[in-house]
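Listed below are the residues making up each chain.
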Amino acid sequence: MHAARADLFRLLGDEDRLRLLALCAEDELTVGELAALLGESQPQVTKKSQPLRDAGLLVARRDGTRTLLRSQAVTDVVVDAALTEGKSICVRDGSLARVAQVVAQREEPSKRFFAEGAAAEAPPAPGSELFGLLSIFAPLLPGRALAVDVGTGDGPMLSLLSPLYDRVIAIDRSPARLARCAARIATEGLPNVRLREGEVDDGDLAVEVAQRGGADLVLMARVLHHAARPDDAIVAAARLVRRGGHLIIVDYLPHTDETMREQGDVWLGFEPARLRAGLDAARLEVVALAPLLTPDRPALQVAVGRQPV
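Heads up: these notes are all about the structure in this document. Each residue is numbered by its place in its chain's sequence as written, counting from 1. Local features in a predicted model are, by the rule used here, given only for residues with pLDDT of at least 70; side-chain atom pairs are given and counted only at 80 or more, and totals for whole chains, interfaces and linings are based on all residues. Hydrogens and water are ignored here; the side-chain numbers use all heavy atoms of the structure.

## Let's talk about the pairing of strand β5 (residues 167-172)
Okay, step 1: Here β5 lies mainly inside the structure; five of its six residues are buried.
Okay, step 2: One bridge is not enough; two strands pair if DSSP finds at least two bridges between them. Note on conventions: DSSP H or I runs of at least 4 residues are helices, E runs of at least 2 residues are strands, and numbering of each starts at the N terminus. One ladder, built from five bridges, connects strand β4 (residues 146-150) with β5; its direction is parallel. By the bridge assignment, aspartate 149 is partnered in β5 with alanine 170.
Okay, step 3: Sheet analysis places β5 next to strand β6 (residues 193-197), joined by five bridges and oriented parallel. Bridge assignment links valine 168 to a residue of β6, and that residue is valine 193.
Okay, step 4: Once you follow β5 into helix α11 (residues 175-188) and on to β6, the crossover reads as right-handed. The rule is simple: take the accessible area with a 1.4 Å probe, protein chains only, and divide by the maximum for that residue type; under 20% is buried, over 50% is exposed, in between is partly exposed. Here the term right-handed applies to a crossover when the path leading from its first strand over the helix to its second strand runs clockwise, the strands being oriented away from the viewer.

## Description of unusual backbone geometry
Okay, step 1: Positive phi, normally seen in glycine, also occurs at arginine 222, with a value near 55°.
Okay, step 2: Under the relative-accessibility criterion, arginine 222 is labelled partly exposed at 28%.
Okay, step 3: Of note in this structure, arginine 283 is not a glycine but carries a positive phi near 60°.
Okay, step 4: Relative to the helices and strands, arginine 283 is located in the loop between α14 (272-281) and β9 (285-291).

## With respect to the sheet that holds strand β2 (residues 58-63)
Okay, step 1: Within the open sheet, the three strands sit side by side as β1-β3-β2. Their pairing is antiparallel. Each edge of the open sheet carries a strand with a single partner, namely β1 (29-30) and β2.
Okay, step 2: Two elements, β2 and strand β3 (residues 66-71), share six bridges in a ladder whose sense is antiparallel. If you follow arginine 62 over to β3, its bridge partner there is threonine 67.
Okay, step 3: Along the sheet, helix α2 (residues 15-26) contacts β1, β2 and β3; its crossing angle with β3, the most-contacted strand, is approximately 95°. Residue contacts are counted whenever heavy atoms from the two residues lie within 4.5 Å of one another. The convention used is that axes are lines fitted to C-alpha atoms, helices contributing only their stretch in contact, and that angles between N-to-C directions extend from 0 to 180 degrees.

Okay, here's the thing in C-alpha cells:
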C-alpha cells in the first residue's frame, strides 16, 4: 500500500500530467485538442497521458480514428489535491479558459459543409427510417399543439409533422438549407410551419416555445452527430418539452466510416448507453431506445424521452 501511494505521489508530481488531468476533467477532449491546448505534439500528449491511463485516472474512448480522454472520478484526497493544483496551473497559463473555444471548433467543418450548399435531402420514402417513426408517433398524439424540428435541414420531416401538429417550429443554423426548406414548404403547402435560423439552445427559441406552453414533441433527427457537445444539446432540447411531452432522437449507432467527417460529422455514432445517459441527465424518462431496422448505413437508432408530468 505504501509503495502504491508513493507511486501515486510520483505520478502526480509532474506539472504536465496535472494539466492533462485538469483539462480532461473540464471536458472529454481528443488528443489533438489537448495538443492544441498544451502547445505540444499529439505523440507527446499520448506519451504523457499513458501513465495516467495506466493508473486509471484518465479513461480513453475511441471515435473512429480519434482518441478522446476524460478524467475518471476517483475519491482520493491526493487526486483531489492534484486536480485543484492542475486547474490552478491551467488558469494561470490560460489553457482552461480555451477549452470551450477548442470544443466549439468541432462544429466548424459541419458549419462549412452546410454553408457551402450541401446536397439537398431527398424527401422520405415509404419504408425509410423517417416513416418508421410513425409507428412511435401514435402514443405521442394526445398533445398536438406544437412540435419543434431541431436541425430541420431541407425539411424532410415536415410533411409528417405538419398534419399532426397545430404548429411546427423548424430550426436550423444553415441559411442555405433553410432556403431550400422554405421552397419545400411552399411546394407541399405546409402553412403551419415557422422557420427559424439558429441553434437548439437559442434563448429566443426557448421564449417562443415557452409562450406556447412548451412543445408536445421535440425531434432531433440525425442532428447530434454534428454537435460539439451532444449531451448539452439533449439538455437544451429537453428544456423545450412541456410536461408529458416527448423528445425523439434519431442518430447513428457507432460506426467506423471516416468519410462521414467530410459531411461535417463530429461523431461517428453513439453507443445506446450514451443516449440513455443523455436523456437521464436531461431528467427525461426513457420511453424507448432501440435500433431502427432499416437498410440505412450507417445503421440508425431511436431514443425517446418523456418529460415527467
